[in-house]
Amino acid sequence: MLDDLFVAPDKGEEAGARSSIPFDYLSVADELHSGRIKLSGETFAAEYREAGADLASEFVALLDQAKLALAGEELKPEEKLPPIDPESIAVELGLDQPKQVADFGRMRRSFAFANHPDRVAPHLRQRAMIRMQVANMLIDEAKRLALAGARR
């Protein structure tokens, strides 16, 4: 039945508009669940280290984007805006104290609960999105360092 859906063109769809690459979703799912694909923990660790290698330049780029995005931000006189700088967010997260690897997930959820863009006032959503990005980068880096320290 699924094959008929993939083969039969929709109304108004030309036969040439379909993908020219054959793809069998069921065989891919079978291969993924078969256990024939093996990856070691070292492979994952290497990928994780490689992904975090250029964190400083990512922070610089993120903060530059934040300054541009927040340039026209309207402020209410009595309102104190939450900071977007990495040092303040790290203190807010509690990254100044040593953490266990299991604490980082709880830390991420707690910060998201209080600071997610969907949970703040509309005029603060852009700032909240930037704070979430910075917090996630800080947590990922701290977790990577904690995992590296645990292996030694």
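Bear in mind the structure is a predicted one, so any value in this text is a computation, not a measurement.

## Describing the side chain of Arg-131
As for its placement among the helices and strands, Arg-131 is situated in helix α7 (residues 125-151). A relative accessible area of 2% places Arg-131 in the buried class. Engagement of the side chain of Arg-131 in a polar contact is seen with the side chain of Glu-92, the distance being 2.8 Å. When neighbours within four sequence positions are excluded, Arg-131 is seen to be in contact with Pro-82, Pro-83, Ile-84, Ile-89, Glu-92, Phe-111 and Asn-115.

## Examining the packing of helix α5 (residues 86-93) against helix α6 (residues 103-115)
Working note: a packed helix pair is described by the angle between its axes plus the distance between those axes. The geometry of α5 relative to α6 is characterised by a closest axis approach of 11 Å and an angle of 110° between their N-to-C directions. For the element pair α5 / α6, the angle class is roughly perpendicular. Residue-level contacts link Ile-89, Glu-92 and Leu-93 of α5 to Met-107, Phe-111 and Asn-115 of α6. Of the residues contributing to the contact of α5 with α6, the split by class is four nonpolar, one polar and one charged.

## Let's talk about the pattern of salt bridges
Per the counting criterion, the structure on display carries four salt bridges. Here Glu-92 makes a salt bridge to Arg-131, at a shortest N to O gap of 2.8 Å. Here Arg-131 lies in helix α7 and Glu-92 lies in helix α5, a separation of 39 residues in the sequence. Residue classification places Glu-92 among the partly exposed residues on the basis of a relative accessible area of 41%.

Reading guide: rules and limits
Residues numbered from 1 in each chain as written. Predicted model: local features only at pLDDT ≥ 70, side-chain atom pairs only at ≥ 80, totals over all residues. Heavy atoms only, no water. Helix = DSSP H or I, 4+ residues; strand = E, 2+ residues; numbered from the N terminus. Buried < 20%, exposed > 50% of the residue type's maximum accessible area, 1.4 Å probe, protein only. Polar contact = N/O pair within 3.5 Å; in protein donor to acceptor, adjacent residues only side chain to side chain. Contact = heavy atoms within 4.5 Å. Axes fitted to C-alpha atoms, helices over the stretch in contact; angles between N-to-C directions. Parallel < 35°, antiparallel > 145°, perpendicular 65-115°, else oblique. Nonpolar A, V, L, I, M, F, W, Y, C, P; charged D, E, K, R; others polar. Salt bridge = Lys/Arg side-chain N within 4 Å of Asp/Glu carboxyl O.

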